[in-house]
Amino acid sequence: MFQRFRLLPLILTLALTAAGIWLGQWQTGRALEKEAITRQMALRQQMPAARVQRWTELAQLPQFSKVLLRGQFISQWPLYLDNRPLNGVSGRYVLMPFLPEGSQQAVVVMRGWQPRDPQDRNRVLPLRTPAGMVEIEGSIRTQPDHVMQLGQPDVVRPGVLLQNLDLPALAAASGLTFSPALVMQTSAADDGLERTWPRPDTGAGKHRAYALQWYALSVMTVVFFVVTGIRRGRKQQTKN
């Protein structure tokens, strides 16, 4: 019976140590995957922009690819994603449908960032939109970054302040059909918008931190087993 009780802590120690190492390895693998995605993103940003003439081509390109579009903005449908700070300043992203030349399907373009009115957070600052055919360069995104939705989202309408973009709701309200891909504009324009977009975080650092925690748990489990074993041995020697 005594040996059984001594064997049980050993089994628990081995099980916890193995679990910690396995989970640490899994988190490390996830970090490596995310780091590979980051390298792909950087590589795509270094490649020349691909001229897209049909919306089907846009949908087939991988995320973060650089594209060149010619068409016109649908200026009567500006949208704003609120609560998007930049360099510590409160602001919002300006979105607008863009109709590529010769296409019947629009694409949502994230035109840029503008600061929030400090006196009235619901006031939208004047927006300058180029008229007629223009050429823009940008980067493909599957969707803008999401923030926590506070309360019910507002009805989608021109000039509305939104927390997150709902593409089907926009299509239903505007009567337009949209490409599932978005374009984050990077080319300069005389519209007063800031286009220093934050770099996407794939979360590799988070997985590295989790892996370190699991490895530390394994080490602490072994140390605890060894220390308690030494103390138990000293107590037995004292009794003898």
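Anything mentioned here points back to the structure above.
A brief structural summary.

A word on the overall build of the protein
Per the secondary structure count, the protein includes four helices and eight strands. Tracing the protein from N to C terminus, the helices and strands come up as α-β-α-β-β-β-β-β-β-α-β-α. Burial status across the protein gives 35% buried among its 240 residues. Expressed as a percentage of contacts within the protein between residues at least 6 apart in sequence, the contacts between residues at least 24 apart total 68%. Carbon and sulfur atoms make up 58% of the accessible area of the protein, which amounts to about 14800 Å² in all.

A closer look at the pairing of strand β8 (residues 182-185)
Of the two faces of β8, the one holding Leu 182 and Met 184 and the one holding Val 183 and Gln 185 are both buried throughout. Here strand β5 (residues 107-115) runs beside β8; their pairing, made up of two bridges, is parallel. Within β8, the position partnered with Met 110 by the bridge is Met 184. The pairing of strand β6 (residues 134-141) with β8 spans four bridges and is classified as antiparallel. Bridge pairing links Ile 140 to Val 183 in β8.

Details of the side chain of Gln 185
Looking at the secondary structure, you find Gln 185 in strand β8. Residues contacting Gln 185, with those up to four places away along its chain left out, are Phe 73, Val 109, Met 110, Arg 111, Ile 136, Glu 137, Gly 138, Arg 195 and Trp 197.

Considerations on the pairing of strand β4 (residues 91-100)
Taken across its ten residues, β4 has nine buried, putting it largely inside the fold. Here strand β2 (residues 66-73) runs beside β4; their pairing, made up of three bridges, is antiparallel. Across the sheet, residue Gly 71 finds its bridge partner in β4, namely Pro 100. Joining the antiparallel neighbours β4 and β5 is a turn of six residues, in which Gly 102 adopts a positive phi near 80 degrees.

Notes on the environment of Met 110
Assignment of secondary structure puts Met 110 in strand β5. Look at Met 110 and you get buried, because its relative accessible area is 1%. Ignoring any residue separated from it by four or fewer positions in sequence, one finds Met 110 in contact with Tyr 93, Val 94, Leu 95, Pro 144, Leu 182, Val 183, Met 184, Gln 185 and Trp 197.

Let's talk about the packing of aromatic side chains
Working definition: an aromatic ring pair is given by the centre-to-centre distance plus the angle between the planes. In the structure shown here, the tally under the stated rule is two aromatic pairs. Centre to centre, the rings of Phe 73 and Phe 98 are 5.0 Å apart; their planes meet at 75 degrees, and the pair counts as edge-to-face. One end of the pair, Phe 73, is in strand β2; the other, Phe 98, is in strand β4, with 25 residues separating them in the sequence. Across the pair, Phe 98 and Phe 73 agree in class, each one buried. Ring geometry for Tyr 93 against Trp 197: centres 5.2 Å apart, planes inclined by 70 degrees, an arrangement best described as edge-to-face.

Some remarks on unusual backbone geometry
Although it is not a glycine, Asn 83 adopts a positive phi angle of roughly 60 degrees. Within the secondary structure layout, Asn 83 lies in the loop between β3 (79-81) and β4. Here the phi dihedral of Asn 87 falls at roughly 55 degrees; this positive angle occurs in a residue that is not glycine. Considering the arrangement of structural elements, one finds Asn 87 in the loop between β3 and β4.

Thoughts on the environment of Asp 154
Mapped onto the elements, Asp 154 comes out in the loop between β6 and β7 (161-162). On the accessibility criterion, Asp 154 (43% relative accessible area) is partly exposed. The contacts of Asp 154, once residues within four sequence positions are left out, are Val 160, Leu 161 and Leu 162.

With respect to a nonpolar patch on the surface
Together, Leu 7, Leu 10, Ile 11 and Leu 14 line one region of the surface with nonpolar side chains, adding up to about 350 Å² of accessible area. Inspection of the secondary structure puts Leu 10 in helix α1 (residues 2-46). Taking relative accessible area as the criterion, Leu 10 reaches 32% and is therefore assigned partly exposed.

Describing the nonpolar core
Ranked by size, the top nonpolar core spans 21 residues in total, and within it Leu 79, Tyr 93, Leu 95, Val 108, Met 110, Leu 165 and Leu 170 carry the most contacts. When residues of this core are traced back to their parent elements, those giving at least two are β3, β4, β5, α3 (167-174) and β8. Tallying contributions element by element places β5 first for this core, with three residues. Discounting chain neighbours no more than four positions away, the residues touching Leu 165 are Leu 79, Leu 81, Leu 95, Val 108, Pro 144, Leu 170 and Leu 182.

Rules used throughout
- Numbering of residues begins from 1 in every chain and follows the order in which that chain's sequence is written.
- Since the coordinates come from a predicted model, pLDDT governs what is reported: local features require at least 70, and pairs of side-chain atoms require 80 or more to be given and counted, while whole-chain, interface and lining totals use all residues.
- Side-chain metrics in this entry use all non-hydrogen atoms of the structure; hydrogen atoms and water are not considered.
- Note on conventions: DSSP H or I runs of at least 4 residues are helices, E runs of at least 2 residues are strands, and numbering of each starts at the N terminus.
- Any residue under 20% of the maximum accessible area for its type is buried, any over 50% is exposed, and the rest in between are partly exposed; the area is computed with a 1.4 Å probe on protein chains only.
- The contact definition used throughout considers only heavy atoms, calling two residues in contact when any of these lie within 4.5 Å.
- With residues, only the protein chains shown are counted as cover, and all accessible areas are computed by Shrake-Rupley using a 1.4 Å probe.
- Here the rule is simple: two strands pair whenever DSSP picks up at least two bridges between them.
- Here is the rule: rings of Phe, Tyr and Trp (six-membered ring for Trp) pair when centre to centre is within 6.5 Å. Planes less than 30 degrees apart are stacked, more than 60 are edge-to-face, and the remainder are tilted.
- Grouping into patches uses exposed residues only, defined as over 30% relative accessible area, and leaves out salt-bridged ones; the cut-off is 9 Å for like charges and 5 Å for nonpolar side chains (Val, Leu, Ile, Met, Phe, Trp, Tyr).
- Whenever Lys or Arg places a side-chain nitrogen within 4 Å of a carboxyl oxygen from Asp or Glu, that contact is recorded as a salt bridge.
- In plain words, nonpolar cores are sets of buried Ala, Val, Leu, Ile, Met, Phe, Trp, Tyr and Cys residues tied together by side-chain atoms within 4.5 Å.

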